[in-house]
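Chain residues, written in single-letter form:
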Number of protein chains: 2
Amino acid sequence: MEKKTPTLKEITPRSQDYSQWYQDVVLKTELADYGPVKGCMIIRPYGYALWEAIQADMDRRIKETGAVNAYFPMFIPKSFLEKEKDHVEGFSPECAWVTIGGGTELEEPLAIRPTSEAMICSMYAKWVGSWRDLPVMINQWCNVVRWEKVTRPFLRTTEFLWQEGHTLHATAEEAEEETLRMLEVYRGFCEEMLAMPVVAGPKSEAEKFAGAKRTYAIEAMMGDGRALQAGTSHNLGQRFAEAYGIEYLDKNMQRVRPWSTSWGVTTRLIGGMVMTHGDDSGLILPPRVAPIQIVIVPIPPRKGDWNEAILPRARELQRRLRAAGLRVHLDDRDTQQPGFKYADWEMRGVPLRLEIGPKDVEKNQAVLVRRDNRAKAFVPEGELAARAAELLAALQSDLLSRARRFLADSTTRVSAWDEFKDVMNGKRGFLACGWCRDAACEAAIKEETKATVRVMPRDAGERPGVCIRCGRPSPGEVLFAQAY
Amino acid sequence: MEKKTPTLKEITPRSQDYSQWYQDVVLKTELADYGPVKGCMIIRPYGYALWEAIQADMDRRIKETGAVNAYFPMFIPKSFLEKEKDHVEGFSPECAWVTIGGGTELEEPLAIRPTSEAMICSMYAKWVGSWRDLPVMINQWCNVVRWEKVTRPFLRTTEFLWQEGHTLHATAEEAEEETLRMLEVYRGFCEEMLAMPVVAGPKSEAEKFAGAKRTYAIEAMMGDGRALQAGTSHNLGQRFAEAYGIEYLDKNMQRVRPWSTSWGVTTRLIGGMVMTHGDDSGLILPPRVAPIQIVIVPIPPRKGDWNEAILPRARELQRRLRAAGLRVHLDDRDTQQPGFKYADWEMRGVPLRLEIGPKDVEKNQAVLVRRDNRAKAFVPEGELAARAAELLAALQSDLLSRARRFLADSTTRVSAWDEFKDVMNGKRGFLACGWCRDAACEAAIKEETKATVRVMPRDAGERPGVCIRCGRPSPGEVLFAQAY
């Protein structure tokens, strides 16, 4: 059947065409597929299982900060979006508009939420009355739409899934604390769960969220030397409270405006994880989020039936490993050879392979093979669950170490404009250098090199210097990069 | 602050105005609120916590049948929706249409999914090639939009949340089995988790899903004598496979069409649960889905500080009950009296209240009060966790028994048309009677009494008789009711 997606690779090598490699991996491992509407992807079961693992852990982390979940309508009346001037200017060009409903033209077009500040702040204005109601900390998991010209599965799609948190606080200090707390939640999640190291810090004025007072982001470094914004946390100041009329009575019975924040991560995290760890054989999934942590590949005897000795033992091992809390799949297809199965599951990034053949059964052992370095271990059956857990933990940790080294190797401190341009024309990566904080200078750098300020790291103030472009004083180093 | 929703009842009695009672309960317990777009509701944190409990358990049940989750785009091109004639006729009038995206008019309008058969079947046509690919069993949790004229929170809203499963099978028998399996999953869930008894069975031709071969439903009975369709499971036959070009090579290398099914439940379940158990004091939540199962209300001493003896003990009890796996909230507001708190948490339907005052502390005991019957129990501290768990189990079970009695009492077997009309003008409920299976007769009955065939129960064939309206032969009894 020519219609069926081939299950064996033909994955373009990364060195040959990184972008094609990414697309091959995502499509051929069945993480996602293209749909009939331009820019909209289907998240297939294997990819969605990753999102479920991300959601479960992130949801727990969000709730531990005190936030609760809710659901707000996806339709936002045009007039609501228009209440905050910068916000509507930023998002209106990317909106999808519903103009017909129930067979008749609507009096007022409805935007499909590109983000929900307008809707949620309108409701907060109704719900909040007294200082006792603060802080308000609500999160929602939902789909959003931004009409994108160039799209790529997971990295930039017209419709995507995300969580968006929206909080209200009594003081400017609390709002800033919340903004930084969530930035740290995102940083911790990316490193601990996805083994994806990130650089965290504030954005420049030009790169901040439409309507925000201050935007913080976490940025990861991809294999082609381009940065990926992996999560954002915005201190919205009092601007949204003002635009949407949120106020409360403080302890002195004075009407005052609260401070607000918003923060989110999206299905883009999956794309970042793919690029951070994958190799020319396909995916490498961090064990903590891998839908399948161990795949068992039984090896049939040269003569005789594998149902007699091999398969029953393989099933028994699956039961034991599952009982130890591991996610295990037994590949008992009798239509494929072991060699095909090895390559197939390597492509799909399963962290550990367990091989069991006639000799292993005789010796009461099995073979464990790591996906990242192909290291083989012959393990007595009695120690399998413990060793598998150890190897998974080691693999998770090694992926993070390797990615950290890559991030460090990809960061170049430059001190001259020609050097900046040379690196940006070559290996790219993060370029650490001074910047005068003038938006015109930033725009010129972007114009010439496609690089933008990704973040201004926390310890930037410790390295004052001069602007890489104009030579004027720089209060602290920033990181430039070309970005996804 | 007049803006703040009052937290103490003023709930209209059910006997006075059932519909107003429902609305009061939903709004005043902060399950939901109205938004700025007609027909769209906000699911507030307390209501969303119920949806999360429903999702978690339903998702587990769905996965146990072998289905996996995925996510498909919400935009459906007009031409895709039009491929199945009955389907588009049924849904097109209720569609919301996106006509503008990214600032320009779209060449083809995009429907926001009212349901996803068109999108998912189109992808199945691409993915399925061989008999080895079957069965395909994919579910998705998402939002859908149907432009409704009359809306009510949870029961009928323009946008709502649901899960929709879509499966493909090699034979007609397997598709029918799957349809009935999911109907049974829904029935079991409603009874075991929501304590909401339902009647299950096939729909009449007039009431079936647009494009389905056969629709099965579960129907619950609400306090005002009207039926609520709480879940549906459709055998789609080969019609969608034909319309969307799905075929596969069978073992004989012949191209054949698979059979498909779809099935779903929605946020409507929350509305059904509210109406099934609530009373004039507000909600009564079944313990298995209640966001808070036990609320601790500390009673301050007449003289002195509650921080000395009462609050520390209350916190200790909360710790112990939580350690026993119960969901416990301590109401330590010092701005409200215990009497206010009792009424407030009763309104919010918390199944158990734990009171602890100075005398209880002296006696090493606490008081447990059931929400449904207000029965009080004085319980030694050492037995609290065990007794609380027992009482919660008893309450869950008693709610189901009470609802079952109500369902039985609300079902009237009628044998004459005048009797049918009398009951339908009075207490309503389910009317069990013969029906000739003629759509014209069904339409006439609806016209005169607003009642429709809800389901044709499984054992209907055991009771042949005559049509309640025209006197012609009836192959088996059906249940008529007015419906939400």
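Given the structure is predicted, the values throughout are model-derived calculations rather than measurements.

**Focus: the overall build of chain A**
Logical step 1: Each helix and strand counted, chain A has 14 helices and 25 strands in total.
Logical step 2: What you see for chain A is a C-alpha radius of gyration of 25 Å, in line with the 23 Å of a compact globule of 484 residues.
Logical step 3: The principal-axis extents of the C-alpha atoms in chain A amount to approximately 85 × 60 × 45 Å.

**Things to note about the relation of the copies chain B and chain A**
Logical step 1: With an RMSD of 0.0 Å, chain B superimposes on chain A once it is rotated by 180 degrees and translated 0.0 Å along the axis. The operation mapping one copy onto its partner corresponds to a two-fold rotation axis. In terms of proximity to the rotation axis, the leading residue of chain B is valine 98 of chain B, whose C-alpha is 2.1 Å off the axis.
Logical step 2: Same-surface contact between copies: 100% of interface residues of chain B are shared with the interface of chain A.

**Examining the sheet that holds strand E22 (residues 452-455) of chain A**
Residues and elements named next belong to chain A.
Logical step 1: With mixed pairing, the 4 strands of this open sheet are ordered in space as E20-E21-E25-E22. Every other strand in the sheet has two partners, leaving strand E20 (411-413) and E22 as the edge strands with one partner each. Pairwise comparison of adjacent strand axes, ignoring direction, gives a mean angle of 40 degrees for this sheet.
Logical step 2: Relative to strand E21 (residues 430-434), E20 is paired through 3 bridges, and the arrangement is parallel. Note on E21: the bridge partner recorded for threonine 412 is leucine 431.

**Topic: unusual backbone geometry**
All names here are of chain A.
Logical step 1: For the bond from leucine 134 to proline 135, the omega torsion is -10 degrees, close enough to zero to count as cis.
Logical step 2: By secondary structure assignment, the location of proline 135 is in the loop between helix H5 (117-127) and strand E7 (136-145).
Logical step 3: Even without a glycine there, the phi angle at asparagine 364 is positive, about 50 degrees.

**Quick notes on the pairing of strand E25 (residues 477-481) of chain B**
Regular strands have side chains that alternate between both faces of the sheet.
Residues and elements named next belong to chain B.
Logical step 1: Of all 5 residues making up E25, 5 are buried, and the element is well covered by its neighbours.
Logical step 2: Residues Glu477, Leu479 and Ala481 point to one face of E25 and Val478 and Phe480 to the other, with burial holding for every one of them.
Logical step 3: One ladder, built from 3 bridges, connects strand E22 (residues 452-455) with E25; its direction is antiparallel. Looking at the pairing, valine 453 lines up with phenylalanine 480 of E25.

**Section: the interface of chain B and chain A**
Logical step 1: Listed as interface residues are 46 residues of chain B and, on the opposing side, 46 residues of chain A.
Logical step 2: The element contributing the most residues to the side of chain B that touches chain A is strand E5 (residues 96-101) of chain B, with 6 residues.
Logical step 3: Class assignment of the residues belonging to the side of chain B that touches chain A gives a composition of 28 nonpolar, 10 polar and 8 charged.
Logical step 4: Relative to E5 of chain B, strand E5 (residues 96-101) of chain A runs antiparallel, the two sharing 5 bridges. Bridge pairing in E5 of chain B links tryptophan 97 of chain A to isoleucine 100 of chain B.

**Thoughts on the sheet that holds E7 of chain A**
Strands in a sheet are paired, the pairing made by backbone hydrogen bonds, and the direction either parallel or antiparallel.
Residues and elements named next belong to chain A.
Logical step 1: Across the sheet, 7 strands lie side by side as E3-E7-E8-E14-E11-E10-E9; this open sheet has mixed pairing. Two strands in the sheet have a free side with no partner beyond their single neighbour: strand E3 (68-69) and strand E9 (199-202).
Logical step 2: Where E9 lies against strand E10 (residues 214-221), 4 bridges are found, and the strand directions are antiparallel. Paired with valine 199 across the two strands is glutamate 219, which belongs to E10.
Logical step 3: Strands in contact with helix H2 (residues 45-64) are E7, strand E8 (159-169) and strand E14 (259-266); relative to E8, the strand with the most contacts, it is inclined by about 0 degrees.

**As for the domain arrangement of chain A**
When the parts come together, some accessible area is lost, and that loss is often what is quoted as the size of the interface.
Logical step 1: Each assigned domain of chain A is listed with its residue range as follows: domain 1 (53-277), domain 2 (294-391) and domain 3 (411-481).
Logical step 2: Its C-alpha centre places domain 1 of chain A at a distance of 44 Å from the equivalent point of domain 2 of chain A.

**Details of the environment of arginine 214 of chain A**
Residue and element names in this part refer to chain A.
Logical step 1: Along the polypeptide, arginine 214 turns up in strand E10.
Logical step 2: As a C-alpha pair, arginine 214 and leucine 236 span 22 residues in sequence and 6.7 Å in three-dimensional space.
Logical step 3: Once residues within four sequence positions are removed from consideration, arginine 214 is found in contact with Pro202, Lys208 and Asn235.

So, how was this worked out
Residues numbered from 1 in each chain as written. Chains lettered and ligands numbered in written order. Predicted model: local features only at pLDDT ≥ 70, side-chain atom pairs only at ≥ 80, totals over all residues. Helix = DSSP H or I, 4+ residues; strand = E, 2+ residues; numbered from the N terminus. Rg over C-alpha atoms; globule rule 2.2 N^0.38 Å. Least-squares fit on C-alpha atoms with pLDDT ≥ 70 in both. Contact = placed C-beta atoms within 7 Å. Pairing = 2+ DSSP bridges. Axes fitted to C-alpha atoms, helices over the stretch in contact; angles between N-to-C directions. Buried ≥ 20, exposed ≤ 12 C-beta atoms within 10 Å, placed from the backbone. Nonpolar A, V, L, I, M, F, W, Y, C, P; charged D, E, K, R; others polar. Domains from an automatic or database assignment.

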